[in-house]
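Commentary on secondary and tertiary structure
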Amino acid sequence: MITLIIADDHPVFRRGLIQVLESDPALRISAEVGNGEEALAAIERHQPDIAVLDIDMPKMNGLEVMKALKKRQLSVSVIVLTMYDEERMFNKALDLGVMGYVLKESAVSDILQSVKTVASGKHFISPSISDFLVRRSRGQVPNVGVHGTLSDLTPSERRILRLISENKTSKEIAEELSISIHTVENHRAHICDKLNITGNNALLRFALEHKSLL
């Protein structure tokens, strides 16, 4: 019997995964939760074989839960779920010891195989991003941009980028931070320059892809 914890903040999506998993009599769901703090508590309480964690959850995201698990020396194999086929996020997850990396768009079809594969001690990566694993094995880890990385941003710029990742407009950001729209636009321009981002909506796309790192 393989025991699991399922953590995702979207109840309908979570229920869909559980229905697929419960169709296999060799699997047992110990708990289902909706945020990272609850996931960490459930893992400590139930000590499952596998934890299936959404990367982008409230309170603690999936990678933060993974860091806490390592710090507390809790032995559990982790499969992360993500909407973003972003290579830097993929490498960060594997650096933390994640055993499974599953795109949400294919999660319903991939989840059973991912659980069985991880339970056998092997990595599972959604087939559509298998190239990431090939490049990683060759040591070809990508940079965020040609001229810079997130570490080049100031705290103010990271805060702006985090708000952009929440799909907020420059006006909304200005109101929230009590600064002028002109200042927000200057920050946006500096961020794009540092990260070598060009093109319409490219900054928003970048912010969404790197949301869990901000």
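All values derive from a computational prediction rather than experimental measurement. Chains are numbered independently. Their residues run from 1 in the order of the written sequence. Under the rules for a predicted model, residues below a pLDDT of 70 receive no local features and side-chain atom pairs below 80 are neither given nor counted, while totals for whole chains, interfaces and linings still include all residues. Computation of side-chain values covers all heavy atoms of the structure but excludes hydrogens and water.

**Things to note about the overall build of the protein**
Numbering goes from the N terminus for both helices and strands, where a helix is a DSSP run of H or I of at least four residues and a strand is a run of E of at least two. Check the secondary structure of the protein and you find ten helices and six strands. The atom set for the radius of gyration is the C-alpha atoms, and the globule formula is 2.2 Å times the number of residues raised to the power 0.38. A globule of 214 residues ought to have a C-alpha radius of gyration of about 17 Å, and the protein, at 19 Å, matches this closely. With the C-alpha coordinates of the protein rotated into their principal frame, the extents come out at 60 × 40 × 30 Å. The rule is simple: take the accessible area with a 1.4 Å probe, protein chains only, and divide by the maximum for that residue type; under 20% is buried, over 50% is exposed, in between is partly exposed. Burial status across the protein gives 48% buried among its 214 residues. In the protein, 66% of the contacts between residues at least 6 apart in sequence involve partners at least 24 apart. Between two residues, a contact is recorded if the distance between any of their heavy atoms is within 4.5 Å.

**A short note on the pairing of strand S5 (residues 100-103)**
Taking every second residue as pointing to the same face, both faces of S5 are buried, with Gly-100 and Val-102 on one and Tyr-101 and Leu-103 on the other. DSSP-based pairing: two strands are paired if at least 2 bridges between them are found. One ladder, built from four bridges, connects strand S4 (residues 77-82) with S5; its direction is parallel. Within the sheet, the bridge partner assigned to Leu-81 lies in S5 and is Val-102. Looking at chain direction, S5 and strand S6 (residues 124-125) are connected through two bridges and run parallel. Across the sheet, Tyr-101 pairs through a bridge with Ile-125, a residue of S6. Seen with the strands pointing away from the viewer, any crossover whose path from the first strand over the helix to the second strand runs clockwise is right-handed. A crossover connection joins S5 to the parallel S6 through helix H5 (residues 107-119); in handedness this β-α-β unit is left-handed.

**Some thoughts on the packing of aromatic side chains**
Aromatic contacts are taken between Phe, Tyr and Trp rings whose centres are within 6.5 Å, Trp giving its six-membered ring; a plane angle under 30 degrees counts as stacked, one over 60 as edge-to-face, and the others as tilted. All told, the structure shown has one aromatic pair when counted by the stated rule. Geometrically, the ring pair formed by Phe-90 and Tyr-101 is edge-to-face, given 5.1 Å between the ring centres and 85° between the ring planes. In this pair, Phe-90 sits in helix H4 (residues 87-95) while Tyr-101 sits in strand S5, placing the two residues eleven residues apart along the sequence. A relative accessible area of 0% means that Tyr-101 is categorised as buried. Placement of a positive charge over a ring is assigned whenever Lys NZ or Arg CZ falls within 6 Å of the ring centre and within 35 degrees of the normal to the ring plane. Lys-104 extends its terminal NZ or CZ atom over the ring of Phe-13, reaching a point 4.8 Å from the ring centre.

**Observations concerning the side chain of Asp-54**
Within the secondary structure, Asp-54 is located in strand S3 (residues 50-54). Here Asp-56 takes part through its backbone nitrogen, which lies 3.2 Å from a polar atom of the side chain of Asp-54. Excluding residues within four positions of it along the chain, Asp-54 makes contact with Ala-7, Asp-8, Asp-9, Asn-61, Gly-62, Leu-81 and Lys-104. Definition of a polar contact: a pair of N or O atoms within 3.5 Å, with one able to donate and the other able to accept a hydrogen when the atoms are protein atoms, and with sequence-neighbouring residues admitted only if both atoms are side-chain atoms.

**Section: the confidence of the model for the protein**
When pLDDT is averaged along the protein, the result is 86, and 91% of the positions lie at 70 or above. Scored below 50 in pLDDT, residues 143-147 makes eleven contacts in the model with residues more than four places away or belonging to other chains. Per-residue confidence from the predictor is reported as pLDDT, a score between 0 and 100.

**Digging into helix H9 (residues 181-195)**
For a helix, the expected span equals 1.5 Å multiplied by the residue count minus one. For H9, with 15 residues, the first-to-last C-alpha span of 21 Å sits near the 21 Å given by 1.5 Å per residue. Of the residues making up H9, those classed as buried are Val-184, His-187, Ile-191, Cys-192 and Leu-195. End-on view of H9: buried residues confined to an arc of 135°, all on one side of the axis. Of the exposed residues in H9, the ones pointing more than 90 degrees away from its buried face are His-182 and Asp-193. Asn-196 sits one or two residues past H9 and shows a positive phi near 60°. By arc we mean the arc of the directions from the helix axis to the C-beta atoms, nothing more.

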